[in-house]
Amino acid sequence: MQLMEEKILAEGQILPGGILKVGSFLNQQIDTDFLRAMGQEIARLFSGSGVTKILTIEASGIAIAAAAAMELGVPMLFAKTDRTTNVDGSVCSTVVRSFTHGTDYTVVVSRDYLRPEDTVLLVDDFLANGAALRGLVALCEQAGAAVAGAAIAIEKAFQGGGDTLRRSGVRVESLAVIESMEDGKLSFRH
Ligand code: 5GP
């Protein structure tokens, strides 16, 4: 998505540890016209895939997931980062390693909302090592739901998660794919 690349080049800040900051349009302040355009692009990519629900992780995936869900006309569901344990089997839960904090956290979603009959599109803001997406795939497996694929705003290809997921058979579509971010210079994969 050309506009995504332009936004990253104009407003993104490269931080140590291979982190890109996009607080001006996606992660803190949200450019709402651009958010709508992202939702439309995701809906275009996955129209005809039989998606019945969109699944993301709170909190940074919620805005883009909601934008895509509105365009596809399906509900948006977010996994909560609660420590609630699965005592009665009414939730699906898994542990995810946070890329930005380096710690493990539990993500939980109710079986009332993630159903065996669902075909799920996974959505997130960033894809780095792929831990967050693998966690979402695991939640769908526990629920018995099908995964239509994953739509990501910004994939950092040099951290490998996207290509590993593609090799495992998941359809991963990223609106921008950063090939490298070395010495303050960004290059994109096309
Ligand atoms: P992964 O689980 O694929 O290693 O990392 C993806 C998750 O980490 C995303 O949900 C996102 O919140 C966070 N993340 C990874 N890399 C970045 C980054 O460069 N910038 C920001 N803002 N978040 C990131």
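Residues numbered from 1 in each chain as written. Predicted model: local features only at pLDDT ≥ 70, side-chain atom pairs only at ≥ 80, totals over all residues. Heavy atoms only, no water.

Asker: What's the story with the side chain of Asp118 in this structure? I'm lost.
Answerer: Structurally, Asp118 can be placed in the loop between β6 (104–110) and β7 (119–127). Separated by 3.1 Å, the side chains of Asp118 and Lys53 make a polar contact. Look past the residues within four positions of Asp118 in its chain and what remains in contact with it is Thr52, Lys53, Tyr113, Ala145 and Ala146. (Helix = DSSP H or I, 4+ residues; strand = E, 2+ residues; numbered from the N terminus. Polar contact = N/O pair within 3.5 Å; in protein donor to acceptor, adjacent residues only side chain to side chain. Contact = heavy atoms within 4.5 Å.)

Asker: In this structure, what is going on with helix α5 (residues 131–143)? I would like to understand it.
Answerer: In an α-helix, one turn spans 3.6 residues, which is why side chains three or four residues apart end up on the same side. Between its first and last C-alpha, α5 extends 19 Å over 13 residues, near the 18 Å set by a 1.5 Å rise per residue. Every buried residue belonging to α5 is among Ala131, Leu133, Gly135, Leu136, Val137, Ala138, Leu139, Cys140 and Ala143, and all of these are buried. Gly144 sits one or two positions beyond α5 and adopts a positive phi of about 80 degrees. (Expected span 1.5 Å × (residues − 1). Buried < 20%, exposed > 50% of the residue type's maximum accessible area, 1.4 Å probe, protein only.)

Asker: Can you walk me through the layout of surface pockets in this structure?
Answerer: Unfilled space is identified by rolling a water-sized probe across the atoms. In this structure, the largest pocket occupies an estimated 790 Å³ of space. Within the residue set of the lining of the largest pocket, elements represented by two or more residues are β2 (19–21), β5 (91–97), β7 and α5. Take the lining of the largest pocket: its biggest share by element is four residues, from β7. (1 Å grid on protein atoms, 1.4 Å probe; cavity = no way out; pocket = protein on both sides within 12 Å on 5 of 7 lines; lining within 4 Å. Points joined across faces, edges and corners; volume = space filled by probe spheres on them.)

Asker: Explain the site of the ligand to me, please; I cannot follow it from the model alone.
Answerer: Near the ligand, the surroundings consist of 17 residues, among which Leu20, Asp124, Asn129, Gly130 and Lys156 are the closest. Measuring from an oxygen atom of the ligand, one finds a side-chain N or O atom of Asp124 at 2.7 Å. The side chain of Lys156 places a nitrogen or oxygen atom 2.6 Å from an oxygen atom of the ligand. Spatially, the ligand is embedded in the largest pocket. Those elements giving two or more residues to the shell around the ligand turn out to be β2, β7 and α5. Here the shell around the ligand takes four residues from β7, the largest share from any one element. Here the shell around the ligand is composed, by residue class, of eight nonpolar, six polar and three charged. (Near = heavy atom within 4 Å. Sits in = over half its atoms within 2 Å of the grid points. Nonpolar A, V, L, I, M, F, W, Y, C, P; charged D, E, K, R; others polar.)

Asker: Sorry if this is basic, but what is going on with the environment of Asp82 here?
Answerer: If you trace the backbone, Asp82 turns up in the loop between β4 (76–79) and β5. The exposure class of Asp82 is partly exposed, given its relative accessible area of 32%. For the pair Asp82 and Val108, spaced 26 residues apart in sequence, the C-alpha to C-alpha distance is 6.5 Å. Contact partners of Asp82, with chain neighbours within four places excluded, come to Thr106 and Val108.

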